[in-house]
Structure formats: C-alpha cells, structure tokens
Amino acid sequence: MEETTTPDGSIVDESEIEYVSYAGEHHLPLIMRLVDEELSEPYSIFTYRYFVYLWPNLSFLAFHKGKCIGTVVSKMGEHRNTFRGYIAMLVVLKPYRHKGIATELVTRSIKVMMESGCEEVTLEAEVTNKGALALYGRLGFIRAKRLFRYYLNGVDAFRLKLLFPHPELPPSHPYSHSNTVMSSVLESYEAHELGP
Amino acid sequence: MEENINNGVEEQESANHEPTSVPVLNPSIPSGEQTVWADVASLLDSACNDLQDGELIHGDNFNLFAAMSALEIMDPKMDSGIVCRYYSVDEAIEDGAAPIPLSLNKTVDVHCMIDVMDHMLSCEATWHKGHSLAQTIFSCIYLLRPDRTSSHALLHSYCTVIRSTCNAVISAVSDSRTHEEEDLFTITSGLPLKRDGDEKCLSMLNVIEETISRQLHACKSPSHKKRSIEDIEPLQTNLDLEEGYCKAVLCRLRFRKHFYHVLVCLRRPQGRGLELARKHIASCLVELDSILKTEEFLRANNRNGMWEDGMESEDSTTASGCQPIGFDSTLNSRLSAPTPPRAIKVFCWKKAVEYFQKLLHDLDIVCSHPIDPLHEGALRFVVEFQKLQPDLVARSHLQLLLVQDGKLFGRDPIFTMICKAAAVPELAKNLDIQKNESFVHLCQLAITLLKILCTNAAWQRRQLGKVLQDWRIIHMQLEIALRKEFEESSSTSLDENLCMKIYKNILNWVEEQTYWIAFRFLILGFELELYAPSEYCMVYWYIYVILIKLGEKMHLRMITNSETAKRKGKKKRESMKDVAREPAIPPAVLLLQCQIYLAEGLTLMISALRNEHGVFQCRGPFNSEQERFIQHFELLQKACIPDHVSYYTFRDYTAHSQFDTLIMCNYFKEAQRIAKELRGSFVNDKNKLTELRHIEQVAEHNGIALNLVSRLGSLDPSLKVSFEFNHHPHFATAVVKRS
C-alpha cells in the first residue's frame, strides 16, 4: 500500500481513510472550510445548505485520524426531461492527493445517483485542472462542451458528462420528428447551470 | 427530495410577536402610499432566537440560483458593494484622487496625462479581452465625471474620443450578436457613456493635435531655447524635454484619431469604407510603433520631480512605469452586483500595445477580403480567418461586413448566392421559386451559418451542432416541395426540366453544406480539446464517414458544374475511393480524399493498437464505449448524419483491424502521394498549400510509425504510442517511444 507523509510528519496509510456520508450540521463547517480553501469560486452558506440539506445522501466526507481531508457535494433532479446528477464540489487537501481519495468520494456519490435512477451525471471543471479532468475521464466522463470564460476568474470550463447505460432505444430519425420547427439559433438562450 | 429546507420556520415568523410601539423613523427614502417605515430590529431579534442552527427562513422560490446569488456581506470574494477606499466618486474627487489639472507643474501635468493615456490603453485591451467596461476603462475617475474635464483641453478631448470609441465598439459587437458568451462586454449600465458633444470628438482631437504639432515644430526651431518664438506657448515648462513630450502626446492622440476612423470606416455599408479603413489601420500601426519608441524617454524622465513607484517594468500599465493618477477600479465594482466582482488584472502596457497590433492586423485581413458574392469563398475566408484566433471585436466586424440587411456584404441576395454556389442555371434567378417557403428558410439558414462561423470556437461548435438538424429538415422540406412541384405542374416541359434541375442542384448543395457543417463540428472538438486519446478512434471514424459523404456531394456538384465532366459523371456512381484514381477528378475533391485517407488510416491504426496492444480503450466503472459514442455524436445521430450509421457500424468496422493487414494497404502512403501530386494544382492558393504540406507531414510520420509498430510492436512490449497535434490541428501524429 502506498504511503504519504502529511504536513505534520505522520504517515498516511490509505486504510486509515474513513469515508462518511453527510450526517448533519456539524459536518457543514468542515465542508465549507475545505471548499473555501481549495476552490476558486466563492459560495455563500446558502449554497452549501442548499446542497447538503436537500441531498445529504450524495455528500460524502473523507477523514484521516479525525481530520476532514476531503469532500464531495452533489445534487440530482430533473433537467430538460432527464433525471440527472450534478457534482457541485469535490475537494481533497493537497498532501492527501493521488491516493484515490477523490475517486472514492465521487464514486460513492455517483453510485447513489445511479441507484436513484439518474440517467446521467454532469459537472464543470476548469480546463486547467488536469488532475480533475483525468480523474473524471477514468470514470467515463466525456468533455461534452467547452464553456468560454465560465468562471469568475476568467478561465474556461469543460462541461463533463457521464451517461449511464440504458436499454437500447430505437434510433431516432429527423423525418419522423413531429417537431419540425426551426430553431432560430442566434436567438436561442442557453441556460447556464451554476456550478463550481 | 429527502428533507424540506425550511423546516417550517417561515410559518411561525410573525405568530409570536405583538406589534410593539415602533419609534417613528425619519428615513431619507419615502415609504410610499399607505405604508410607513417601521423598525423591525426587535422582531428579527426574537425570530433569531427561535431559529436553530441550519434553519433558514425563505420563500418558496428559494432555489440554487437564489442560493448562489446570496452574498455574504463583507466577504471580499462575494460582496461587490464592499467599500474599498471611497464610498463614492465624489468622495474620491474630494480626496484629490483625480485632480484637474493633474499637476500644477506643467511638466508633471503632461507626464501624468501620458500615464493616463497609457493606462487607459491597458484598460481598453483588458476590456476587449473580456473584462467589464466598468472595471476597466471606467475605473477612470475623469471619465466618470465628464463635465469636470472641460477646463483641461488635452484631458477633455482624450476622454471624449475614448467614450466615442467605446460606443463604436459596443455598437459593433451588439449589432453583430457574436458575443453570446461574451455579453459582459456590452454591459454598460450606470456608466456615463454618452455625453452631448461627443460627436465632435474628432474635431476636438484635431484642434489639440494641431496645437501640439505647432509646439513641436516651434521647439525644433534653433531659436526656441531663447523662448523667442512668437506667440506659441510650449506644451510644458522644461524646454529640454519639450520635443520628447510633444512627440509622446502626439503619437498617442493620432493613434486615437486613426483608430476611431477605422471603426467608423468599417461600418460603412456594403464594405465601401474598407479601403480607407486599411489606410487608417496602417496609420494606427505606425503610431503604435512611435508610442513604443517613447518608452525610453518617458522612463528616463519619470523621476523628474515626480513620484516613484517600485513597480516592475514588466507589469507596468504605463510606458513611464509610473502609477497613473485618476483611476480606482473598486469604485464601480458594485455595478456588477449581484454577480460577485470578477478578479481582474489590467494588462501591462506592452501587452496592451501588442493586443492592439494584433487587433489591427486582424481588422486589416477583414478589410482585405474581396467583396465577391461567392458563398464558398466567404465560408472559406471565415474559416481561415478564425485560424488566427481573432478576438471578439475583430470577429464582430467580420460578421457585420459579411451579413448586412440579410444580404452577403449587404449587396447580394442570399438566394442568388445559393444559386451560384449550387450551380443553378442562370435563368432560375428570376423564377418564382425563391418565394417558396422552403427557400426562404434555406436563405435564413445560410445567413445563420455565416454568423455562427464568426463566433468563438466554443460557442460556434455548440451552435453548429444545433443547426445540423435544421439543415436536415430543410432538405426534407425541399424534397417534398420538389415532389409537389411535379405533381401540380402543368407548365411546359422546358420549365419543368429547369425546375427539376434547380431542385436537384440545390438539394445536393444542401447536403454538401450539411456534411461540411458536421465536419467542422467534429474538428472543432480537437481545437477545444474535447476528445480524450481513447476517443480518437471513434472520432476519426466519424470524420472518415462524414468526409466520404462530403466528397460525394462536392464531386457531384462539380460534375454538374462543368460541362465536360457532365457526360462522364453520369456513368459512374462509385464510392469516393475508386473515384480518386481517375485522372479527371477536381483537385478540391482530391484534397478531401487525402483527408479521408488520413482519417481512415488513423481509425485503423488506433483500432489495431486497441485490438493488439490493449491501449486506447474506453473503460470505466460506470459505462462503456457505447455511451461515450452516443454522447459525442448525439447531435449527428439525431439528425441522421449520415444515414444508417451507429455505434455498431463503428464497432464492426474496427473490431478486426490488425497491423499485418493494415500495412498491406497503407492509407498514409496514399494520402502522402496524392498530397504531393496536388501541389501543382494549388500554386496560387497559400492556404491550400499549407494544408497539403501539413497533410504530407502527418501522413509521412504516421506511415513510419505504422511500420515501426507493426514490425516491432509484438516483440517489444515497452513500445508506447501517443498522439500529438504538432503537424496538423486535427489530424494527429503518432509518436512511438520506448518507455
């Protein structure tokens, strides 16, 4: 088993990492501190509560010897006729990275989404965040879109998507579509999902 | 949803409290009819006592957007209303943040004025690059109170031309509507952008320019040091520095003048101002060079009785290296509310000058485009132009030039343009056919396509994906219209024949456009880095399939177009691959053939690597390659582009590819051979020659890699293959390394 040294000099054994589902208000400051330290976007306390109160079963925390060192915050719901999961925040403290902790956190969240009937999972990541992009790529996410200057810091984002397998649908054909109304492209407004 | 966020708290909020006697307040804001102001402090206080940790009083519509819009007051990351230095512009002015004159010492005044001009240029470039106007140009306190400057002619005229320039740029960008994701650019709420008299900005500028030219002239005359020159008052008091300061101010003023002219000329209808615009662009570039040359002088004199600043020259937003006076970027930050203020770093002065040089070069290319009514030419021009990665302002101007009043260059009706592109007989242009609803739609689609191609790559790709369906539908509608025309037709056979021809040609053209859009949609994915190496195989396969269709349609059009090819063309309807060996094939189609071979070669090489080496596979814990395929090509599949193609077609095509069979028919060699032969056909087309050279390079390298892997691959397990885009923007080159 791979070992890492934490800033205080102790050795991290991966088996010592403990994963727990969000269990109440006492977890909230832990999540907020991690996200505030590591992610670029500012979030108000309402944003955190919005997620963890509505979908506590999709939020997980990772502890090492009682210290919270990683977290994932997610949601799910109807979006344009699909039931989709959305990963809002994923953080692991620097000294604990490259140990599969983020993968474990996000995998747990995705599993719950899949079991709850989600058809797909989506999220945004900064185009410069190679680590996150590689992680999600391994999990089967594709880069569906590039969002120009998506973040407040002016950096582009990728919209990543993971489609769950579903029973084969008959291939659709535009000629059979009842809706043959032209979409007036330059008029159309693409709703932007808010994300990290 | 597992839990209700409000915990029922909101129901109780007023239940526990009797309205207590409220002290009468005397607020400055009137309460309105039938309402009074009341102090709710005690009410809130009691409500707070009832709340447990984590409880929230909220309305029904409290959603993610509402949560995200909430601010934490005094958190500098969120609270754009936070007071940084001054409460208001007036307070800043009272505090002496923007004095007029900038200094009582005339030399210092001029020096500071130049700093203001330089910092403004840096702000302007930063704005063009996507930051808000409020946080960039309008961080200038002088601009925020336009009436204050009238006593300072130089400052006043400079501020006026800046405002006019901003207005011209904003109107170009908003008129072109290319800025869908860049709408921060045109947000001007609350800013004093227009002021009576701004339309006279050029004459004001001319007057001041003339004065300073005379001052420059005067100081250059040998006798000037004796101050004997008639009635010309110098620009400033230190006569040793007079020439340097006059020059520094003049080139900055002249740059502004020519730049404003450029913007005005570009907007003349039907491209009538382009030639003049080019002259002004050339002048702008000359002035920018002069501006750069003043750096040494300004740096040498920045200690001349003025403040020093420990600024690194690389970061400086002014040529002199001094901090400009009269700017405060925090004054406007609350205009961005409720969005939190964006992190902003103003471009350094050197980078700003570089930005303007690039912008002017891009605009010069826009102006150099021949105004010819060929649709294909216009498309090709935009695509080539986009390769230079022009920014918003240049792209907007290109779009405004291309599409005016729904016509190409504001002159040629789109229907005529389509007829020409589709090689429809001349006669047709007078026919009633263009009043047909489907043709009206088609014209709209063609215009939309041109506009989309002028947008940034990220937005462009999404819009191209969306319009594919529309192009498919218009094809269907035209087919129906064609059938109807024939059933109802009672006209003479000559007309019938002509009509038939028009429809057939246009139908073919529509399909060609559709495949061209699909191709562009796919290759933009490389530019935007949307594909993982494990997905390259399916992407190249899709490109291969699309290119074959595109080649067929293009070839058919060209055959129809040329009288000589017509006779031969009817006989053969074989696939593109066999056709490629015929000598009479047009060079444009052969070029496509090269790309087809590259795409096919890459598909088979990667799939052989997958089959024999187990690399570049899409495996994940939650889904399979099929889901990735569905997601990447959803829009193409929905629109049946092309027909009868699915994940299974791809899987069957690649499931058995192996190196020993692949080496027998080396597609890369074929691509290289044709590309070499084609050089002579494009001697006058620089872009095509570049493309051919890139194709040759990719083909050559991949041919070698293919041989290497097939000879050594199974013997040497340490061989690792990766893909790079060092020779072509979307056809990858295989790199073989021993790990």
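Calculation criteria
Residues numbered from 1 in each chain as written. Chains lettered and ligands numbered in written order. Predicted model: local features only at pLDDT ≥ 70, side-chain atom pairs only at ≥ 80, totals over all residues. Heavy atoms only, no water. Helix = DSSP H or I, 4+ residues; strand = E, 2+ residues; numbered from the N terminus. Contact = heavy atoms within 4.5 Å. Pairing = 2+ DSSP bridges. Phe/Tyr/Trp six-rings, centres within 6.5 Å; stacked < 30°, edge-to-face > 60°. Buried < 20%, exposed > 50% of the residue type's maximum accessible area, 1.4 Å probe, protein only. Lys NZ or Arg CZ within 6 Å of the ring centre and 35° of its normal. UniProt positions renumbered as here; feature names shortened; annotations may be inferred. Salt bridge = Lys/Arg side-chain N within 4 Å of Asp/Glu carboxyl O. Expected span 1.5 Å × (residues − 1). Polar contact = N/O pair within 3.5 Å; in protein donor to acceptor, adjacent residues only side chain to side chain. Axes fitted to C-alpha atoms, helices over the stretch in contact; angles between N-to-C directions. Parallel < 35°, antiparallel > 145°, perpendicular 65-115°, else oblique. pLDDT = per-residue confidence, 0-100.

## A closer look at the overall build of chain A
Each helix and strand counted, chain A has four helices and nine strands in total. Listing every helix and strand of chain A by position from the N terminus yields β-β-β-α-α-β-β-β-α-β-α-β-β. Within chain A, residue pairs in contact and separated by at least 24 positions form 64% of the contacts whose partners lie at least 6 positions apart.

## As for the sheet that holds strand β1 (residues 403-404) of chain B
Taken in spatial order, the three strands of this open sheet run β1-β2-β3 (chain B), and their pairing is antiparallel. Edge positions in the sheet fall to β1 and β3 (412-413) of chain B, since each of these pairs with one other strand and no more.

## Observations regarding the packing of aromatic side chains
On inspection of all chains with the given rule, the structure shows 38 aromatic pairs over all chains. With centroids separated by 5.5 Å and ring planes inclined at 90 degrees, the aromatic side chains of F259 of chain B and F356 of chain B adopt a geometry described as edge-to-face. Residue F259 of chain B is found in helix α9 (residues 242-266), and its partner F356 of chain B is found in helix α12 (residues 349-368); the two are separated by 97 residues along the sequence. With relative accessibility at 0%, the residue F356 of chain B sits in the buried group. Ring centres of Y540 of chain B and F731 of chain B lie 6.2 Å apart, and the angle between their planes is 20 degrees; on these two criteria the pair is classed as stacked. Of this pair, Y540 of chain B sits in helix α19 (residues 536-561) while F731 of chain B is found in the loop between β4 (719-724) and β5 (733-738), placing the two residues 191 residues apart along the sequence. Taking the relative accessible area as the measure of exposure, Y540 of chain B reaches 0% and is therefore buried. Through pairs of rings, three or more aromatic residues link up here, namely F526, Y531, Y536, Y540, F616, F723, F725 and F731 of chain B. It is R143 of chain A that lies over the ring of F158 of chain A; its NZ or CZ is 4.8 Å from the centre.

## So, the UniProt feature "domain: N-acetyltransferase" (unreviewed entry) in chain A
Mapped onto this structure's residue numbering, the UniProt feature "domain: N-acetyltransferase" (unreviewed entry) falls at residues 17-165 of chain A. Counted over residues 17-165 of chain A, helix gives 30% and strand 36%. Its end C-alpha atoms are 31 Å apart.

## Side note on the pattern of salt bridges
Evaluation of the coordinates by the stated rule reveals 38 salt bridges over all chains. The closest approach of N and O atoms between R108 of chain A and E104 of chain A, which form a salt bridge, is 2.7 Å. Linking R108 of chain A with E104 of chain A, this pair stays in helix α3 (residues 101-115), spanning four residues, or about one helical turn. Judged by its relative accessible area of 30%, R108 of chain A falls in the partly exposed class. Its salt-bridge partner being D391 of chain B, residue K129 of chain B comes within 3.2 Å of it at the nearest N-O pair. Note that K129 of chain B is positioned in the loop between α5 (106-128) and α6 (141-144) and D391 of chain B in the loop between α13 (375-386) and α14 (392-402), a separation of 262 residues in sequence. The class of K129 of chain B is partly exposed, set by a relative accessible area of 30%. Members of the salt-bridge network, linked through shared partners, are R146 and D156 of chain A together with E529 of chain B.

## Let's talk about helix α16 (residues 437-453) of chain B
All names here are of chain B. The first and last C-alpha atoms of α16 sit 25 Å apart over 17 residues, in line with the 24 Å expected at 1.5 Å per residue. Here α16 has its buried residues at S438, F439, L442, C443, L445, A446, I447, T448, L449, L450, I452 and L453. Between the side-chain oxygen at the start of α16 and the backbone nitrogen of S438 there is a gap of 2.7 Å, and the oxygen is on N436.

## Section: the environment of H475 of chain B
If you trace the backbone, H475 of chain B turns up in helix α17 (residues 457-488). Taking C-alpha positions, H475 of chain B is 6.3 Å from L507 of chain B, a pair spaced 32 residues apart along the chain.

## Regarding the environment of D685 of chain B
Residue and element names in this part refer to chain B. Tracing the sequence through the fold places D685 in the loop between α27 (667-678) and α28 (686-712). Given a relative accessible area of 21%, D685 falls into the partly exposed group. A polar contact of 3.3 Å, which involves the side chain of D685, links it to the backbone nitrogen of N687.

## A few points about the sheet that holds strand β4 (residues 60-64) of chain A
Residue and element names in this part refer to chain A. Sheet architecture is open: seven strands sit in the order β3-β4-β5-β6-β7-β9-β8, paired in mixed fashion. Edge strands, defined here as strands with exactly one partner in the open sheet, are β3 (17-21) and β8 (142-147). The sheet shows a mean angle of 25 degrees between the axes of neighbouring strands, direction not considered. Across five bridges, β8 lies against strand β9 (residues 157-163) in antiparallel orientation. By the bridge assignment, K145 is partnered in β9 with R159. Across the face of the sheet, helix α1 (residues 28-38) comes into contact with β4, β5 (67-79) and β6 (82-92) while running at roughly 90 degrees to β5.

## What to know about the environment of C537 of chain B
Residue and element names in this part refer to chain B. Positionally, C537 belongs in helix α19. Judged by relative accessible area, C537 falls into the buried class, the value being 0%. Those residues in contact with C537 that sit more than four places away from it in its chain are T603, I606, S607, R610, F650 and T654.

## Re the packing of helix α15 (residues 414-421) of chain B against α16 of chain B
All names here are of chain B. Between α15 and α16, whose axes approach to 9 Å, the crossing angle comes to 85 degrees. Classified by the angle their axes make, α15 and α16 are roughly perpendicular. Residues I414, F415, M417 and I418 of α15 touch α16, and the partners they reach there are F439, L442, C443, A446 and I447.

## Focus: the confidence of the model for chain A
The predicted model of chain A averages 82 in pLDDT, with 79% of residues at 70 or higher. Every residue in residues 170-196 of chain A scores below 50 in pLDDT, and together they form 76 contacts with partners more than four places removed in sequence or on other chains.

## What to know about the confidence of the model for chain B
Residue and element names in this part refer to chain B. Looking at chain B as a whole, its pLDDT mean stands at 85, while 86% of the residues score no less than 70. In this model, residues 563-575 is a region of pLDDT below 50 whose contacts with residues beyond four sequence positions or in other chains number seven contacts. In the model, residues 578-582 has pLDDT below 50 throughout and makes eight contacts with residues more than four positions away in sequence or in other chains. Across the whole predicted complex the pTM is 0.86, and at the interface the ipTM reaches 0.83.

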